[in-house]
Structures are given as structure tokens and as C-alpha cells.
Amino acid sequence: MPTWGGWKADQSKPRDGDTEAGDQSYRTLIELSPDALIVHDGQSVLLANPAMARLVGAQHHNGVVGCALADFVAPSSQALVEERIQHMHQTSPVPLADETWRRFDGSEVEVEVAAAPMPWISARAAMVIARDVTERRRLEAERETLLAEKELLMREVHHRVGNSLQLVQGMLNLQARGSGDEAVRFQLHEAAARIGTIGTLHSRLQKGSSTVECEVKAYIEGVMSDLRISLGETYKRQIVLDAGDAYGIFLKADLLVALGLIAAEGVTNSIKHGEGHIRVRVMRGGANLEMTIEDDGPGLPIGFDPLRDGQGLGMRMIASLAQSRGGKIEVGAGSRITAFLPLSGTRKDAMPNG
């Protein structure tokens with residue numbers, strides 16, 4: 001029988017021109033495939049293409065045919081390969097697998113392997129396609145190392161920022177205690193409290209799995225927990241958070257700190273000037289992340305503009321924070337204040353449709 005790459009073609013039956021042309025097309029496709037391809041019977045290689053020869057360092061693909069399959073599997077992957085062969089006919093499609101193969105010179109190569117059973121040849125026979133991913137794995141490992149170094153650096157930066165903010169807060173409080181002017185003491189204590197809030201928000205980032213970005217829901221829940229403690233929540237004035245619609249949205253650290261500052265200022269303002277429970281809702285609204293803060297008080301006048309009409313530093317600050325990040329603050333009916341922050345460039349995992 002004639003062979004191609006060691007594959008015996010059965011020509012016992014008459015073959016017409018179309019069949020011969022079709023066989024030639026399939027052979028050409030296999031020969032030109034950039035990925036290594038073999039057919040094995042569970043023990044030895046029955047067919048191999050030129051890419052397989054290049055992958056394992058053979059001079060010709062015929063040099064691969066007849067070799068034991070185990071010759072090309074590194075010891076670290078032999079158990080995995082045997083298990084896949086055993087269960088191949090029970091699973092369809094056969095999932096991709098990362099394996100380590102061995103070249104003729106003894107060196108090893110990382111491959112991504114796809115397989116399909118060929119039971120008409122034998123019970124353990126299969127076609128296997130392998131792609132060399134050694135370079136990809138090396139680059140992925142380098143990337144993971146760089147990300148870990150970046151994460152470590154960001155944690156150190158946040159730690160130093162937190163220490164510096166504590167120093168500034170202490171100096172402002174010291175200055176306030178030494179002032180004989182009641183109005184000046186009040187302003188200095190207010191400034192120290194805001195510095196403390198910023199420090200707390202930075203510390204909150206360090207508690208997450210990443211200081212580069214964090215999920216909004218988890219972060220804002222932590223911020224509200226801190227505010228309940230620092231502002232002295234009571235049963236008559238509870239801080240009620242609804243952040244379920246923000247699940248799966250990730251923001252960069254800079255935007256998260258801005259969001260936390262807006263939340264802290266809004267809730268603090270409500271504690272000072274509002275009435276009843278304070279309701280905070282964070283949700284996705286189209287291309288924006290929306291955070292609404294409201295209570296049962298009379299609220300601000302209709303048409304109030306935080307930047308133009310705000311008398312206190314807090315209201316002007318949250319408007320400026322939102323605006324500097326491409327967002328805005330809107331004052332709605334009653335005591336409702338809504339912050340809009342753009343979500344462009346953020347990561348969204350398992351986010352509900354909205």
C-alpha cells in the first residue's frame with residue numbers, strides 16, 4: 001500500500017478522480033498546517049505532518065511515524081496524557097490541555113493540545129493537534145511577575161501616602177488646638193477630618209486583593225462601614241446602602257478614591273443638615289456609574305448648582321472631583337444628590353444587564 005507520512009492508504013476499492021483529488025487536498029492541508037498534527041493508536045504514532053517534525057526536532061515527518069507516543073511526552077505530563085487517552089471517548093469535545101512534550105534531543109517544549117478520538121482505527125486512537133506555547137508561557141510568566149511587582153509598589157505608595165496624610169492630619173489638629181479663634185479652630189478641625197477621610201480611603205484600598213483596581217460594590221460597602229463608625233450611626237439615622245447593581249464593576253484606584261470621597265462628603269453633609277435615614281444607592285446607568293445620596297430632609301433649592309451656589313467646601317469639592325474625572329453632580333428633588341462618573345476603560349465582570 002502507498003503511504004503518506006507513514007499513513008497507509010487502503011486502495012483495495014476502486015477510486016475515482018474526485019476521490020483522489022479530495023485525498024490530495026486533505027494531504028495538502030495537513031502538510032501546510034502550522035500546528036503539529038499526529039494520529040496515534042494509543043501506543044505509537046501512525047501519521048505525522050512536517051510541523052510535528054519541526055516541533056520535536058526530527059529531520060522528516062517520516063522519522064516520527066512508528067515512534068512510541070510516550071517518547072514525545074515529558075515525565076511531568078505522562079499521567080495526564082494517559083488519563084486523557086483513557087477518557088477520550090467518554091468526553092466530547094475533548095477539552096484543550098497544557099502538556100509538556102519532549103524533543104528528540106531531550107529538551108522539553110510547552111504545548112497546547114487538542115485531540116479528537118478516532119475509534120474506527122482502534123479503541124484508543126486519536127488525532128492530536130499541538131501548538132508550541134513555550135514563548136507565550138514565558139511572556140505570561142514575565143507579565144505575572146511585572147504585575148506582582150507593580151502591585152507591591154502600589155501597596156508601598158498607598159502605605160506612604162497614608163502615613164503622610166496622618167502626619168498632615170496631626171499637624172492640623174495641633175494647629176487647631178493652639179488657635180485662640182473659634183472659627184479658625186473649626187475650619188482646621190474640618191480640614192483635618194477630610195484629610196483623615198482621604199487616608200481611610202487609601203487604607204481601604206490596601207485591604208483588597210489589588211491596589212490597582214477594585215470592585216465597586218466591595219469597596220463602597222467598606223467605605224460605608226467606616227462612615228457608620230466614624231459618624232456615629234444611630235437607629236434613627238441609619239446609613240442604608242444599596243450597591244447590588246454595582247456588582248462586578250471594577251474601577252481604577254484613582255476613581256475609587258474619588259467615589260469614596262464623594263460618598264463620604266455626601267453622607268457627612270446629610271448627617272449635619274438632613275433628617276431621617278440616609279439612603280445611598282450605587283448602580284450602573286448606561287455608560288456611567290451613578291451614586292445617589294438622599295435623606296428625608298427638605299434638601300437644597302431647585303436649580304442649585306454645587307460649583308456655583310455651594311457655600312461650603314464639601315459641596316464644591318465633590319462637584320470638582322466629579323467634574324475633573326469627566327462626570328458631574330446633579331441635585332434632584334428633595335435632598336437627592338446624584339454623582340455621575342464615566343465607566344469608560346473600566347473592567348466589568350459578571351455585571352448584570354441594566
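As a reminder, the structure under discussion sits directly above these lines.
What you are looking at is a predicted structure, and each value in this text was computed from that prediction instead of being measured.

Colleague: Is there a simple way to think about the pattern of salt bridges in this case?
Modeller: If you walk through the whole model with that rule in mind, you get 17 salt bridges. Of the charged contacts, one joins Asp 98 and Arg 137 as a salt bridge, the two residues approaching to 2.7 Å between their closest N and O atoms. Here Asp 98 is found in strand 5 (residues 97-102), whereas its partner Arg 137 is found in helix 4 (residues 134-177), with 39 residues between them in sequence. Looking at Asp 98, the relative accessible area reads 45%, which means it is partly exposed. Taking relative accessible area as the criterion, Arg 137 reaches 23% and is therefore assigned partly exposed.

Colleague: Hey, could you run me through helix 3 (residues 75-87) in this one?
Modeller: An α-helical segment advances 3.6 residues per turn. Residues three or four places apart therefore align on the same side. The complete set of buried residues in helix 3 reads Ser 77, Val 81, Arg 84 and Ile 85. One face of helix 3 carries all of its buried residues, which in axial projection span an arc of 95°. Exposed side chains of helix 3 directed beyond 90 degrees from the buried face belong to Pro 75 and Ala 79. Taken together, the buried residues of helix 3 touch strand 3 (36-40), strand 5 and strand 6 (108-117).

Colleague: What should I look at first to understand the sheet that holds strand 5 in this one?
Modeller: Through backbone hydrogen bonds, the strands of a sheet pair up, either in parallel or in antiparallel fashion. Pairing is antiparallel in the open sheet, where 5 strands are placed in the order 4-3-7-6-5. Both edges of this open sheet fall to strand 4 (45-48) and strand 5, since each of them pairs with a single strand only. Strand-to-strand twist across the sheet, computed as the mean angle between neighbouring axes with direction ignored, equals 35°. Across 7 bridges, the pairing between strand 6 and strand 7 (residues 126-132) is antiparallel. In the sheet register, Val 111 faces strand 7, and the bridge partner there is Asp 132. The strands touched by helix 3 within the sheet are strand 3, strand 5 and strand 6, with strand 5 carrying the most contacts at an inclination of about 125°.

Colleague: How should I be thinking about the pairing of strand 5 in this particular structure?
Modeller: Note on strand geometry: in a regular strand, side chains alternate between the two faces of the sheet. By the bridge criterion, 6 bridges tie strand 5 to strand 6 in an arrangement that is antiparallel. Following the sheet pairing, Trp 101 is matched in strand 6 by Val 109. Counting the residues between successive antiparallel strands, the hairpin from strand 5 to strand 6 contains 5 residues, one of them, Gly 106, with a positive phi of roughly 95°.

Reading the values: the criteria
- Residues numbered from 1 in each chain as written.
- Predicted model: local features only at pLDDT ≥ 70, side-chain atom pairs only at ≥ 80, totals over all residues.
- Heavy atoms only, no water.
- Salt bridge = Lys/Arg side-chain N within 4 Å of Asp/Glu carboxyl O.
- Helix = DSSP H or I, 4+ residues; strand = E, 2+ residues; numbered from the N terminus.
- Buried < 20%, exposed > 50% of the residue type's maximum accessible area, 1.4 Å probe, protein only.
- Arc of directions from axis to C-beta.
- Contact = heavy atoms within 4.5 Å.
- Pairing = 2+ DSSP bridges.
- Axes fitted to C-alpha atoms, helices over the stretch in contact; angles between N-to-C directions.

In short, the description is geometric, and any link to function would need to be established separately.
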